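Observations on chain architecture
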Amino acid sequence: MSTVLTSTSSELVIRGLGKRYAHAQARSGELQVLHDIDLHVPEGSFVSIVGASGCGKSTLLRLVLGLDTEFEGEILLGGQPIAGTGRERGIVFQDHRLFPWLTVEQNIAVGLRNAPFTPRQKAELVAEHVALVGLRGFERSWPHQISGGMAQRVAIARGLVNRPRVLLLDEPFGALDALTRSRMQNELQRIWQKERITMLLVTHDVEEAVFLGDRVVVMQPSPGRIRRVVDVPLPHPRNRSDPAFIRLRDDVLSDFLDHRAEPAIHSDAGLH
Ligand SMILES: Nc1ncnc2c1ncn2[C@@H]1O[C@H](COP(=O)(O)OP(=O)(O)O)[C@@H](O)[C@H]1O
Ligand SMILES: [Mg+2]
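What counts and what doesn't
- Residues numbered from 1 in each chain as written.
- Chains lettered and ligands numbered in written order.
- Predicted model: local features only at pLDDT ≥ 70, side-chain atom pairs only at ≥ 80, totals over all residues.
- Heavy atoms only, no water.
- Helix = DSSP H or I, 4+ residues; strand = E, 2+ residues; numbered from the N terminus.
- Buried < 20%, exposed > 50% of the residue type's maximum accessible area, 1.4 Å probe, protein only.
- Pairing = 2+ DSSP bridges.
- Polar contact = N/O pair within 3.5 Å; in protein donor to acceptor, adjacent residues only side chain to side chain.
- Contact = heavy atoms within 4.5 Å.
- Near = heavy atom within 4 Å.
- Nonpolar A, V, L, I, M, F, W, Y, C, P; charged D, E, K, R; others polar.
- Axes fitted to C-alpha atoms, helices over the stretch in contact; angles between N-to-C directions.
- Parallel < 35°, antiparallel > 145°, perpendicular 65-115°, else oblique.
- Left-handed = near helix turned anticlockwise from the far one by under 90°.
- Expected span 1.5 Å × (residues − 1).
- pLDDT = per-residue confidence, 0-100.

**A short note on unusual backbone geometry**
Cis rather than trans, the peptide bond between Ser222 and Pro223 has omega equal to -10°. The backbone of Arg163 shows a phi angle near 55°, a positive value even though the residue is not glycine. Looking at where Arg163 falls in the secondary structure, it is placed in the loop between α4 (148-160) and β7 (166-170). Classification of Arg163 by relative accessible area gives buried; the value is 14%. A positive phi angle, close to 55°, is found at Arg196, a residue other than glycine.

Next comes the structure, spelled out in structure tokens:
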């Protein structure tokens, strides 16, 4: 969409990833949160990670984002180890984290703070992304004047405005009501199909994971590890009432039936 930045290979490869936190109550003095995670996110693909609360999903995204540089194993983007945070990786969190004293377009422009563009290029990029997320006419609105779904659209635009190679999404719709959530899932699918940016989505909503992902990675806790990887060979855009979709969703859901904390088809069911 944008003419100002071209991206190079955006394949994300994670090998043997492990993470431990210091933990006073653990016998070893450490809590193993992630264990031996191998993950391949091909360029332009959409990979969902689904798992119960506490299985290390946010920790995994923090490591890929580069917020925490202490880990075992490798995280490679386009064949290069990641080094700290960088403009080629964008993120959207569950809480939109908009600045209340900035307008919609100023909040989106925050994503371009350190970008090497002229003010004019930045204004063009912001306008393009306002349109991409369907917020034309709300550029000068304040966060308190817009709905939760619209605030998440702003957060998505802010995450994409730099034209990152990978967009990381940490339960981006977890705080929205069911109707808004399914609308936003459709929107995200449309945006991904248009932009073809590599996307890595973390969720505890099995239906969301299967609806959006080309591949669904099922995690299990203590320590957080990969239980199973399920390919979702259904064409986009997907139909939630398609029997093939329902079969795959129920298949993934069955992975959680022998766990104490069960992720829900919809995240209202109370796993946070
Ligand atoms: N900074 C931290 N220090 C110590 N323990 C942490 C820290 N961050 C997360 N944890 C622990 O790591 C585990 C995984 O957390 P998290 O990655 O947030 O899981 P999820 O996103 O799947 O709910 C939890 O047991 C949590 O308490
Ligand atoms: Mg989390």
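**Let's talk about the pairing of strand β3 (residues 46-50)**
The buried fraction of β3 amounts to five of the five residues, a majority that puts the element mostly inside the structure. Where β3 meets strand β8 (residues 198-203), five bridges bridge the pair, whose relative direction is parallel. Residue pairing for β8: Val47 is matched across the bridge by Leu200. The pairing of β3 with strand β9 (residues 215-220) spans four bridges and is parallel. Of the residues in β9, the one forming a bridge with Ile49 is Val217.

**Overview of the side chain of Thr203**
By secondary structure assignment, the location of Thr203 is in strand β8. Of the polar contacts made by the side chain of Thr203, one reaches the backbone nitrogen of Asp205; its length is 2.9 Å. Within the local environment of Thr203, its side chain forms a polar contact with the side chain of Glu208, the two groups lying 3.0 Å apart. Once you skip the residues sitting within four places of it in the chain, Thr203 turns out to touch Ile49, Val50, Gly51, Lys57, Glu171, Glu208 and Ala209.

**Considering the site of ligand 1**
Neighbouring residues of ligand 1: Tyr21, Val33, Ala52, Ser53, Gly54, Cys55, Gly56, Lys57, Ser58 and Thr59. The contact in question runs from an oxygen atom of ligand 1 to an N or O atom on the backbone of Gly56, over 3.1 Å. Among the elements that take part in the shell around ligand 1, helix α1 (residues 57-65) stands out by supplying three residues, more than any other. Its residues assigned to classes, the shell around ligand 1 shows four nonpolar, five polar and one charged.

**Side note on the packing of α4 against helix α5 (residues 178-195)**
Their axes nearest at 11 Å, the elements α4 and α5 cross at an angle of 25°. Classified by the angle their axes make, α4 and α5 are roughly parallel. Two packed elements cross with a definite hand, and for α4 against α5 that hand is right-handed. Only Thr180, Met184, Glu187, Leu188 and Ile191 of α5 make contact with α4, whose side of the interface consists of Gly149, Gln152, Arg153, Ile156 and Leu160. When grouped by side-chain class, the residues that make up the contact of α4 with α5 number five nonpolar, three polar and two charged.

**As for the sheet that holds β9**
The sheet built from six strands is open, its strands ordered β6-β7-β8-β3-β9-β10 with mixed pairing. Looking at which strands have only one partner, the edges of the open sheet turn out to be β6 (89-92) and β10 (225-231). Looking at each pair of strands side by side, their axes are set apart by 20° on average, direction ignored. Strands β6 and β7 of the sheet are contacted by α4, whose axis makes an angle of about 170° with β6.

**Remarks on α5**
Here α5 contains 18 residues, and its C-alpha end-to-end distance of 25 Å stays within 8% of the 26 Å for a straight helix at 1.5 Å per residue. What α5 keeps buried is the set Thr180, Arg181, Met184, Gln185, Glu187, Leu188, Gln189, Ile191, Trp192 and Glu195. Note on α5: the residue one or two positions beyond its end, Arg196, has a positive phi of about 55°.

**Observations regarding α1**
Turn by turn, an α-helix covers 3.6 residues, leaving residues three or four places apart pointing in a common direction. Buried residues dominate α1, accounting for seven of its nine residues. Those residues of α1 not exposed but buried are Lys57, Thr59, Leu60, Leu61, Leu63, Val64 and Leu65.

**Observations concerning the confidence of the model for the protein chain**
On average, residues of the protein chain score 90 in pLDDT, and 92% of them reach the 70 mark or higher. Note that pLDDT drops below 50 for residues 1-7; the model gives that stretch 16 contacts with residues more than four away or on any other chain. Per-residue pLDDT stays below 50 along residues 267-272; that stretch engages in 18 contacts with residues further than four places along the chain or on separate chains.

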